[in-house]
Amino acid sequence: MDSVELLKFVLPDFLVDNFEIVSALNSEENLHLYFEEKSKPPKEFDSLELVSKGFLDEITI
């Protein structure tokens, strides 16, 4: 089982399916995962014309 499949047990499927994990940092108490949005939108938006509005600042969940 690869790490993406393991993350699906912890994170919402939507997050794992629509974002690439670009890095991970592990400290004594925290695991920091860094994601980038995939360039292809989810299938449910195929019929819509989407316009990129840029990116928001980094957040901590």
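Everything below is about the structure printed above this text.
Residues numbered from 1 in each chain as written. Predicted model: local features only at pLDDT ≥ 70, side-chain atom pairs only at ≥ 80, totals over all residues. Heavy atoms only, no water.

Looking only at helices and strands, the protein chain features two helices and two strands. In sequence order, the secondary structure elements of the protein chain are arranged as α-α-β-β. Relative to its length of 61 residues, the protein chain is extended, with a C-alpha radius of gyration of 14 Å against a globular reference of 10 Å. Projected onto its principal axes, the C-alpha coordinates of the protein chain cover approximately 45 × 30 × 15 Å. Each of the 61 residues in the protein chain was classed as buried or not, and the buried ones make up 8%. A separation threshold of at least 6 residues defines the contact pool for the protein chain, and within that pool the share at least 24 residues apart is 14%. Carbon and sulfur atoms make up 54% of the accessible area of the protein chain, which amounts to about 6000 Å² in all. Put simply, the protein chain has 5 plus and 14 minus side-chain charges, and the middle of one group is 10 Å from the middle of the other. (Helix = DSSP H or I, 4+ residues; strand = E, 2+ residues; numbered from the N terminus. Rg over C-alpha atoms; globule rule 2.2 N^0.38 Å. Buried < 20%, exposed > 50% of the residue type's maximum accessible area, 1.4 Å probe, protein only. Contact = heavy atoms within 4.5 Å. Areas by Shrake-Rupley, 256 points an atom, 1.4 Å probe, with all protein chains shown as cover. Lys, Arg positive; Asp, Glu negative; His and termini not counted. Charge placed at Lys NZ, Arg CZ, Asp CG, Glu CD.)

Right, let's talk about a nonpolar patch on the surface for a bit. Residues L6, F9 and V10 make up a contiguous nonpolar surface patch of about 370 Å² in total accessible area. On the secondary structure map, L6 appears in helix α1 (residues 3–7). (Patch = residues over 30% accessible without salt bridge, like charges linked within 9 Å, V, L, I, M, F, W, Y side chains within 5 Å. Salt bridge = Lys/Arg side-chain N within 4 Å of Asp/Glu carboxyl O.)

On to the pairing of strand β1 (residues 19–26). The pairing of β1 with strand β2 (residues 31–37) spans seven bridges and is antiparallel. Its bridge partner lying in β2, A24 is registered against L33. (Pairing = 2+ DSSP bridges.)

Let's shift gears to the side chain of N18. Checked against the element boundaries, N18 lands in helix α2 (residues 13–18). If near-sequence neighbours (up to four positions away) are discounted, N18 is found in contact with E37, K38 and P42.

A word on the layout of surface pockets. Reported here for the second largest pocket is a volume of approximately 430 Å³. Along its surface, the second largest pocket is lined by 16 residues, and E37, K38, P41, P42 and L50 are the ones closest to its centre. Of the residues that constitute the lining of the second largest pocket, the class distribution is eight nonpolar, four polar and four charged. (1 Å grid on protein atoms, 1.4 Å probe; cavity = no way out; pocket = protein on both sides within 12 Å on 5 of 7 lines; lining within 4 Å. Points joined across faces, edges and corners; volume = space filled by probe spheres on them. Nonpolar A, V, L, I, M, F, W, Y, C, P; charged D, E, K, R; others polar.)

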